[in-house]
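Letter by letter, the chains look like this.
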Amino acid sequence: MEGDRVAGRPVLSPLPVLLLLPLLLSRAAALHPDELFPYGESWGDQLLQEGDDESSAVVKLANPLHFYEARFSNLYVGTNGIISTQDFPRETQYVDYDFPTDFPAIAPFLADIDTSHGRGAPHRVNGKVSGHLRVGHTPVHFTDVDLHAYVVGNDGRAYTAISHIPQPAAQALLPLTPIGGLFGWLFALEKPGSENGFSLAGAAFTHDMEVTFYPGEERVHITQTAEGLDPENYLSIKTNIQGQVPYIPANFTAHISPYKELYHYSDSTVTSTSSRDYSLTFGAINQTWSYRIHQNITYQVCRHAPRRPAFPTTQQLSVDRVFALYNDEERVLRFAVTNQIGPVEEDSDPTPVNPCYDGSHMCDTTARCHPGTGVDYTCECASGYQGDGRNCVDENECATGFHRCGPNSVCINLPGTYRCECRSGYEFADDRHTCILITPPPNPCEDGSHTCAPAGQARCVHHGGSAFSCACLPGYAGDGHQCTDIDECSENRCHPAATCYNTPGSFSCRCQPGYYGDGFQCIPDSTSSLTPCEEQQRHAQAQYAHPGARFHIPQCDEQGNFLPLQCHGSTGFCWCVDPDGHEVPGTQTPPGSTPPRCGPPPEPTQRPPTICERWRENLLEHYGGTPRDDQYVPQCDDLGHFTPLQCHGKSDFCWCVDKDGREVQGTRSQPGTTPACIPTVAPPMVRPTPRPDVTPPSVGTFLLYTQGQQIGYLPLNGTRLQKDAAKTLLSLHGSIIVGIDYDCRERMVYWTDVAGRTISRASLELGAEPETIVNSGLISPEGLAIDHIRRTMYWTDSVMDKIESALLDGSERKVLFHTDLVNPRAIAVDPIRGNLYWTDWNREAPKIETSSLDGENRRILINTDIGLPNGLTFDPFSKLLCWADAGTKKLECTLPDGTGRRVIHNNLKYPFSIVSYADHFYHTDWRRDGVVSVNKHSGQFTDEYLPEQRSHLYGITAVYPYCPTGKKYALGCSCKLAG
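Throughout this document, residue positions are counted from 1 along each chain, in the order its sequence is written. Predicted model: local features are reported for residues with pLDDT of at least 70 only, side-chain atom pairs are reported and counted for 80 or more only, and whole-chain, interface and lining totals are derived from all residues. Remark: hydrogens and water are excluded; side-chain values derive from all non-hydrogen atoms of the structure.

With an unreviewed UniProt entry as reference, the protein is termed Nidogen-2, source organism Macaca nemestrina. As stated in UniProt under Subunit (unreviewed entry), the record for the protein gives "Interacts with LAMA2. Interacts with COL13A1. Interacts with EFEMP2." UniProt positions are given in the numbering used here, feature names are shortened, and annotations may be inferred rather than shown by experiment.

See the structure below:
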């Protein structure tokens with residue numbers, strides 16, 4: 001390539017080179033001067049000025065240069081071996097603006113042509129940088145970002161550029177000049193008798209650094225692995241950065257003063273330990289920090305290399321200038337250092353090591369050592385501790401209130417810190433301090449996307465995600481997707497003296513006129529005026545209820561007279577009787593033969609009572625025969641159906657009901673307004689009466705008891721009744737609340753309502769409202785027990801004669817027992833041993849039974865010397881099952897297997913429900929209409945509480961301020977209405 005002959009030809013100094021030559025030659029081998037074309041001033045070449053980074057005057061090209069898609073008419077030639085289309089930057093520009101690696105060079109050729117004559121040619125390094133850093137408290141990751149270094153060997157200058165490191169990490173790495181300082185040591189200017197790192201280790205080595213920052217003691221580990229020269233003769237190096245570095249705000253700049261450090265050499269290893277101060281500035285802000293650095297360089301000695309002359313074991317690296325810059329727009333982190341390597345200077349005394357660096361300080365183990373000038377230092381207790389730095393003690397942030405735990409969380413103190421934990425049902429938000437409600441995952445059983453039969457026929461069981469299964473409810477048969485009603489009446493489940501009524505999914509039994517009972521057990525009513533036939537019939541039916549009985553049950557007409565034809569239901573014999581019921585001799589016929597002709601056939605019997613009539617009779621029994629003006633009694637028409645309009649006692653509160661007696665939502669009226677309950681007539685636009693919110697109790701242990709339509713609160717001071725602090729927890733208009741129990745995990749109270757035929761619950765949190773969880777298949781739900789471990793509830797129904805269970809939200813309902821029950825009442829659970837206990841106050845054969853929680857291994861525990869076992873509780877501490885008997889007037893206890901029975905008290909009044917807490921029993925009493933406490937050990941009465949409103953108290957339970965841990969146990973059960 002030739003320039004304009006008028007301007008003259010440019011000449012490289014000290015050895016001119018034809019400019020086009022680097023474009024034509026391969027970089028695989030170097031050229032010698034005698035292999036070049038003729039050159040020199042005699043050939044029209046010009047000499048460049050002596051020095052580094054000097055450039056020629058502009059070289060005007062006669063023919064423009066076509067380079068890719070651009071045309072260039074000017075070129076510049078530099079002593080650093082670069083041909084460029086623009087003039088070269090000065091040295092300050094390398095540091096303040098761009099590095100040579102960013103400069104538009106056409107042909108760097110000094111790696112191919114030896115023009116140095118030993119002055120030292122520039123070296124180049126390529127590599128990748130990866131890191132996992134914690135900048136302050138923020139994690140930052142980056143992988144295989146580019147590293148380029150440019151080294152001017154003749155004066156030991158090294159420039160390093162790392163691109164595309166995330167801004168927080170790049171800003172925090174500004175003080176870590178050792179990342180680029182490696183190349184300064186590697187290619188440092190060698191003083192006589194000394195060698196730099198490249199002369200010693202070559203192009204294959206490992207450089208490990210551990211840096212500890214002060215005062216925060218953050219640590220970072222850096223590994224730089226040299227992997228030899230690439231085909232372009234560039235040194236290849238990989239850098240990995242792991243650990244924590246202090247956070248440096250944006251716009252701050254780092255300044256490091258010149259320094260000297262000693263390198264110690266042994267076989268294949270070089271080590272160095274030093275301390276450096278650095279300052280961070282921004283405007284008028286100037287902060288000084290420091291770090292301690294340990295370096296270890298290992299390399300493989302070549303066994304075949306000529307024997308090296310004696311080499312000093314210690315050399316001194318002098319770093320005269322240090323620069324560190326980060327450009328946010330270009331996202332490039334740059335380091336620049338100027339280095340010399342030589343012998344240890346004799347007049348340089350060893351720098352004393354600060355005690356913070358060598359561990360000789362007197363700070364507490366939980367304090368931080370802050371290095372000062374020379375060997376001075378100060379001690380400061382770490383965050384979470386307090387003291388003078390030499391003696392530090394833990395600070396309880398939870399007690400002092402200096403914590404960030406938000407609502408619905410619990411603060412737990414730890415040494416030097418604390419931890420926040422969310423309460424049950426909550427989880428941490430992104431800030432790890434605020435607790436938010438856990439959003440439940442999609443549930444086909446709740447959002448209605450399942451394919452199960454209607455809710456009244458089947459239940460949907462969620463298995464997680466979108467999986468679910470269907471199961472028909474008790475009283476239905478099918479695969480869960482299609483369910484059909486089971487006719488229980490065809491299975492003869494009612495008493496012979498009762499009439500069976502099949503209903504969808506269930507059935508009911510009602511004793512026939514002249515008998516009383518629940519339909520499963522009917523007893524002749526001796527209080528009524530009966531004819532001889534009815535008396536004999538009732539007596540025979542009572543005997544027939546016993547297994548194996550073969551008594552004949554007389555048949556009577558509507559007037560109570562003996563039917564002329566009598567037949568034995570078991571043997572099949574038939575005969576005629578006279579008006580007194582005596583057999584007419586000679587009229588008996590054997591089974592299978594034609595019965596004798598004794599008179600006209602019997603007329604139809606009386607219509608059986610309906611659900612409305614049975615419910616009405618049941619409530620009247622609870623009210624003692626005559627209801628008060630404020631007590632609800634179902635209104636039935638002449639056919640026994642629910643009248644569409646139902647009203648509460650003699651009040652003006654009315655509502656509409658469906659054919660099953662269920663309230664039609666939105667029809668409950670205010671006084672003075674009567675809803676229109678005729679079908680097709682819209683109800684009046686009157687909003688329902690709001691139910692009162694829960695009045696939350698104070699923290700501590702307390703008793704909850706039921707009294708008609710309200711739940712009462714009675715706090716305990718130890719075991720003493722705090723009668724002056726008693727109050728109403730919740731009022732439920734129109735209810736008769738009987739059973740009650742408490743779930744300590746979710747702070748929910750559960751109760752049964754025999755007037756509403758429901759089981760409901762409410763949270764003890766402020767403003768909580770009641771929630772009905774079971775509202776079908778109940779007639780007289782009474783006893784209730786909560787298993788807070790398995791999240792299950794158990795209850796008894798004295799009319800249905802059933803014991804059932806369900807999860808605490810009312811799902812997965814299951815009938816545990818429906819046979820051999822007459823009047824099931826109280827129920828208690830022992831969740832630790834997995835046992836269930838209940839009482840049956842059958843006047844003919846009262847008993848206490850037990851089974852496993854899944855209904856297996858049913859057996860009788862107590863059936864002797866027992867009368868009316870109304871109350872039942874399990875004491876987990878003494879492992880005793882205890883009951884209060886309104887028939888024998890005794891409070892007794894036994895072991896779970898029925899042995900070790902003993903009397904605690906033998907002079908009770910009329911106990912209804914009982915609960916055990918600490919060394920006392922607490923029971924409700926119908927004679928006193930209050931709560932009575934009895935000492936477990938002495939059996940003596942200790943106190944009693946009589947509410948201002950004098951009426952019967954039903955269930956009672958104890959509530960603790962927390963769920964017991966370790967030995968988990970079930971809380972005392974609520975028990976039921978006395979017969």
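After that view, the rundown keeps rolling.
Participant: What am I meant to see in the overall build of the protein here?
Facilitator: Strands are runs of DSSP state E lasting at least two residues, helices are runs of H or I lasting at least four, and both sets are numbered from the N terminus onward. Each helix and strand counted, the protein has ten helices and 61 strands in total. In the protein, buried positions account for 47% of the 979 residues. Residue pairs at least 24 apart in sequence account for 46% of intrachain contacts in the protein once pairs closer than 6 positions are excluded. For the area figures, the Shrake-Rupley method with a 1.4 Å probe applies, and any residue is considered shielded solely by the protein chains shown. Of the roughly 48,100 Å² that the protein leaves accessible, carbon and sulfur atoms contribute 51%. Residue burial is assigned from relative accessible area. The probe radius is 1.4 Å, only protein chains are included, and a residue is buried under 20% of its type maximum, exposed over 50%, and partly exposed in between. What makes two residues a contact is simply this: any of their non-hydrogen atoms within 4.5 Å.

Participant: Quick question: what am I supposed to make of the pattern of salt bridges here?
Facilitator: For side chains bearing opposite charge, pairing can occur when the charged atoms are close. One side-chain nitrogen of Lys or Arg within 4 Å of one carboxyl oxygen of Asp or Glu is enough to make a salt bridge. Per the stated rule, a full pass over the model turns up 23 salt bridges. Note that Arg-791 and Glu-746 form a salt bridge whose closest N and O atoms lie 3.6 Å from each other. Residue Arg-791 is located in the loop between strand 45 (781-787) and strand 46 (792-797), and its partner Glu-746 is located in the loop between strand 41 (737-743) and strand 42 (748-753); the two are separated by 45 residues in the primary sequence. Residue classification places Arg-791 among the buried positions, given a relative accessible area of 18%. When its relative accessible area of 42% is taken as the criterion, Glu-746 is described as partly exposed. The structure contains a network of salt bridges with shared partners spanning Asp-743, Glu-746 and Arg-791.

Participant: Before we go on, may I ask you to explain the state of the cysteines in this structure?
Facilitator: What we call a disulfide is simply a covalent bond connecting the sulfur atoms of a pair of cysteines. When the sulfur atoms of two cysteines come within 2.5 Å, that pair is taken as a disulfide. One pass over the structure, following the stated rule, counts 17 disulfides. Through a disulfide, Cys-445 is tied to Cys-460; the S-S separation comes to 2.0 Å. Negative torsions about the S-S bond denote left-handed disulfides, and the value of about -65 degrees found for Cys-445 with Cys-460 makes this one left-handed. Separated by 15 residues along the polypeptide, Cys-445 in helix 8 (residues 444-447) and Cys-460 in strand 25 (residues 458-462) bring together distant segments of the chain. The disulfide partner of Cys-533 is Cys-556, and the gap between their sulfur atoms is 1.7 Å. Disulfide Cys-533-Cys-556: the torsion about the S-S bond is -95 degrees, which places it as left-handed. Taken together, the residues span a long stretch of sequence, with Cys-533 in helix 9 (residues 532-544) and Cys-556 in the loop between helix 9 and strand 33 (565-567) at a distance of 23 residues.

Participant: What am I meant to see in the sheet that holds strand 59 (residues 930-935) here?
Facilitator: Through backbone hydrogen bonds, the strands of a sheet pair up, either in parallel or in antiparallel fashion. A pair of strands is considered paired only if DSSP assigns at least 2 bridges between the two. Taken together, four strands build an open sheet; the order of strands is 57-58-59-60 and the sheet is antiparallel. Only two strands of the sheet have a single partner each, and these edge strands are strand 57 (911-917) and strand 60 (941-945). Taking each pair of neighbouring strands and ignoring which way they run, the sheet shows an average axis angle of 20 degrees. Judged from the five bridges that link them, strand 57 and strand 58 (residues 920-925) form a sheet pairing that is antiparallel. Every axis in this analysis is a line fitted to C-alpha atoms, fitted for helices over the stretch in contact. Angles between the N-to-C directions lie between 0 and 180 degrees.

Participant: Explain the environment of Thr-281 to me, please; I cannot follow it from the model alone.
Facilitator: Structurally, Thr-281 is set in strand 13 (residues 269-282). Not counting the four nearest positions on each side in its chain, Thr-281 is found in contact with Asn-251, Phe-252, Thr-253, His-255 and Asn-286. A polar contact is formed between the side chain of Thr-281 and the side chain of Thr-253, at a distance of 2.9 Å. Pairs of N or O atoms are called polar contacts if they sit within 3.5 Å, as long as, within protein, a hydrogen donor faces a hydrogen acceptor (for residues adjacent in sequence, only side-chain-to-side-chain pairs).

Participant: What's the story with the pairing of strand 61 (residues 956-959) in this structure? I'm lost.
Facilitator: As a general feature of sheets, a regular strand has side chains that alternate between the two faces. Burial of the side chains of strand 61 extends over both faces: Ile-956 and Ala-958 are buried on one face and Thr-957 and Val-959 on the other. As judged from the four bridges shared by strand 37 (residues 702-707) and strand 61, these two strands associate in the antiparallel manner. Within the sheet, the bridge partner assigned to Tyr-705 lies in strand 61 and is Ile-956.

Participant: What is the right way to look at a negative patch on the surface in this model?
Facilitator: A surface patch of negative charge is lined by Glu-446, Asp-447, Asp-809 and Glu-812. Inspection of the secondary structure assignment puts Glu-446 in helix 8. Overall, Glu-446 belongs to the exposed group, its relative accessible area being 64%. Patch members must show over 30% relative accessible area and no salt bridge, and they are joined within 9 Å when carrying like charges or within 5 Å when they are nonpolar side chains of Val, Leu, Ile, Met, Phe, Trp or Tyr. Within this scheme the basic residues Lys and Arg register as positive and the acidic residues Asp and Glu register as negative, but His and the chain ends are omitted. The atoms used to mark charge sites are NZ of Lys, CZ of Arg, CG of Asp and CD of Glu.

Participant: Help me out: how do you make sense of the sheet that holds strand 49 (residues 824-830) in this one?
Facilitator: An order of 49-50-51-52 is seen for the four strands of this open sheet, with the pairing classed as antiparallel. Strand pairing shows two members of the sheet lacking a second neighbour, strand 49 and strand 52 (859-862), which therefore form its edges. Each neighbouring strand pair of the sheet contributes to a mean axis angle of 30 degrees, computed without reference to strand direction. Here three bridges tie strand 51 (residues 847-852) to strand 52, and the two strands are oriented antiparallel to one another. Within strand 52, the residue paired with Thr-850 across the bridge is Arg-859.

Participant: Where do I start with helix 10 (residues 611-622) in this structure?
Facilitator: Residues separated by three or four positions in an α-helix point in the same direction, a consequence of the helix having 3.6 residues per turn. Given a helix with a known number of residues, its expected span is that number minus one, times 1.5 Å. Across its twelve residues, helix 10 extends 17 Å between first and last C-alpha, which sits within 8% of the 16 Å expected from 1.5 Å per residue. Within helix 10, the full set of buried residues consists of Cys-612, Arg-614, Trp-615, Asn-618, Leu-619 and His-622. Down the axis of helix 10, the buried set is contained in an arc of 165 degrees. They therefore lie on one face. Backbone geometry just downstream of helix 10 places Gly-624 in the positive-phi region, at approximately 80 degrees. In this description, one arc is meant: the one made by directions from the helix axis to the C-beta atoms.

Participant: What am I meant to see in the nonpolar core here?
Facilitator: Side chains that are nonpolar tend, in soluble globular proteins, to be buried together. Here the nonpolar core consists of buried residues drawn from Ala, Val, Leu, Ile, Met, Phe, Trp, Tyr and Cys, with membership extended through side-chain atoms lying within 4.5 Å. Membership of the largest hydrophobic core comes to 63 residues, with the highest contact counts inside it found for Leu-133, Ile-162, Ile-165, Phe-183, Trp-185 and Val-220. Per element, the largest residue contribution to this core is six residues, and it comes from strand 5 (residues 138-152). Ignoring anything within four residues of it in the chain, the contact list for Trp-185 reads Asn-196, Gly-197, Tyr-263, Tyr-265, Val-270, Ile-297, Leu-317, Asn-339 and Ile-341.

Participant: I tried to follow unusual backbone geometry on my own but got confused; where do I start?
Facilitator: Only a minority of non-glycine residues have a phi that is not negative, and only a minority of peptide bonds are not trans. Backbone torsion omega between Tyr-214 and Pro-215 reads 15 degrees, so that peptide bond is classified as cis. Among the secondary structure elements, Pro-215 is positioned in the loop between strand 8 (204-214) and strand 9 (219-229). Residues other than glycine seldom take positive phi values, yet Asp-144 does so here, at roughly 50 degrees. The class of Asp-144 is partly exposed, set by a relative accessible area of 47%. You will see that Arg-757, though not glycine, has its phi angle at about 55 degrees, which is positive. Here Arg-757 is to be found in the loop between strand 42 and strand 43 (758-763).

Participant: When you look at the side chain of Asp-753 in this model, what are you seeing that I'm missing?
Facilitator: Locating Asp-753 in the fold gives a position in strand 42. Polar contacts involving the side chain of Asp-753 include one to the main-chain amide nitrogen of Ala-755, which spans 3.0 Å. Filtering out sequence-adjacent residues up to four positions away, Asp-753 remains in contact with Ser-735, Ile-736, Ile-737, Thr-758 and Pro-781.

Participant: It is not clear to me how the environment of Val-322 should be interpreted in this structure. Could you clarify?
Facilitator: Looking at where Val-322 falls in the secondary structure, it is placed in strand 15 (residues 314-327). Taking the C-alpha atoms as reference points, Val-322 and Thr-338, 16 residues apart in sequence, are found 7.0 Å from one another. With residues up to four places along the chain from it excluded, the contact list for Val-322 reads Thr-177, Ile-256, Ser-257, Tyr-259, Ala-336 and Val-337.

Participant: Hey, could you run me through the pairing of strand 59 in this one?
Facilitator: The buried fraction of strand 59 is high, at six of six residues. Of the pairings in the sheet, the one linking strand 58 to strand 59 comprises six bridges and is antiparallel in character. Paired with Thr-924 across the strands is Val-931, a residue of strand 59. Connecting the antiparallel pair strand 58 and strand 59 is a turn made up of four residues, with Asp-929 showing a positive phi of about 50 degrees. Here four bridges tie strand 59 to strand 60, and the two strands are oriented antiparallel to one another. Its bridge partner lying in strand 60, Val-934 is registered against Phe-941. The antiparallel pairing of strand 59 with strand 60 creates a hairpin that spans five residues between the two strands, and Gly-939 there sits at a positive phi of about 75 degrees.

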